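What follows is each chain in one-letter form.
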Amino acid sequence: TPSHQSLVRAGVVIDRSKRPMLARDNIDIGKLDELVRRIAAFPFKSQGQPVLAASLDDIGDGSIHYADGGPRLFDFSRMRRHAEMLTFVRPPCSANGEMKDNDC
């Protein structure tokens, strides 16, 4: 897990004095992408390929994309409790009233 200081050194944090430091508008997404790719390219195990190299071999076309909107940061440096609970709800039906897995 990267520390706040390492994120500042990597240029991911734009303004170290901003609070909260990891606010979305204080993060250089391009630098965060570079950091994520450097971590994925690091050989954590002496045997086998790093995750990034293995992924590149698997896809074969030389470009790796994110499955979602790209990398994000979550600050787990201190515990916080939400005032209200989170509720998961079913997604709305499509415009034609169809839903893939369940009836609307």
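The residue numbering used here restarts from 1 in each chain and proceeds along that chain's sequence as written. The predicted nature of this model means local features are confined to residues of pLDDT at least 70 and side-chain atom pairs, given and counted, to a pLDDT of 80 or more, with totals for whole chains, interfaces and linings taken over all residues. Hydrogens and water are ignored here; the side-chain numbers use all heavy atoms of the structure.

Draft legend 1. Local environment of a nonpolar patch on the surface. A cluster of nonpolar side chains, namely I39, F42 and F44, defines an oily patch on the protein surface of about 340 Å² accessible area. Looking at the secondary structure, you find F42 in the loop between α2 (29-41) and α3 (51-59). Surface patches are defined over residues having more than 30% relative accessible area and no salt bridge, joining like charges when they lie within 9 Å and nonpolar side chains (Val, Leu, Ile, Met, Phe, Trp, Tyr) when within 5 Å. To measure how exposed things are, a 1.4 Å probe is used in the Shrake-Rupley method; for residues, cover is taken only from the protein chains shown. Here, a salt bridge means any side-chain nitrogen of Lys or Arg that lies within 4 Å of a carboxyl oxygen of Asp or Glu. Comment: elements are numbered from the N terminus, with helices defined as DSSP H or I runs of at least four residues and strands as E runs of at least two.

Draft legend 2. Molecular detail of unusual backbone geometry. Cis geometry marks the peptide bond from R19 to P20, where omega comes out at -5 degrees. Among the structural elements, P20 can be located in the loop between α1 (4-9) and α2.

Draft legend 3. Quick peek at the nonpolar core. Nonpolar cores were defined as sets of buried Ala, Val, Leu, Ile, Met, Phe, Trp, Tyr and Cys residues, with membership established by side-chain atoms within 4.5 Å. Burial here depends on accessible area, computed with a 1.4 Å probe over protein chains only, as a share of the maximum for the residue type. Under 20% is buried, over 50% is exposed, and the range in between is partly exposed. Counting residues in hydrophobic clusters, the biggest one holds ten residues: L7, V8, A10, V12, V13, M21, L22, I27, L32 and L35. Secondary-structure elements contributing two or more residues to this core are α1 and α2. What makes two residues a contact is simply this: any of their non-hydrogen atoms within 4.5 Å. In this structure V8 touches V13, R16 and M21, once residues within four positions along its chain are discounted.

Draft legend 4. Geometry of the packing of aromatic side chains. Each Phe, Tyr or Trp ring, with Trp reduced to its six-membered ring, pairs with another whose centre is within 6.5 Å; inter-plane angles below 30 degrees give stacked pairs, above 60 give edge-to-face pairs, and intermediate values give tilted ones. Under the definition given, this model contains one aromatic pair. Ring centres 4.8 Å apart and planes at 65 degrees place the aromatic pair F42 and F44 in the edge-to-face group.

In short, geometric facts, not functional conclusions.
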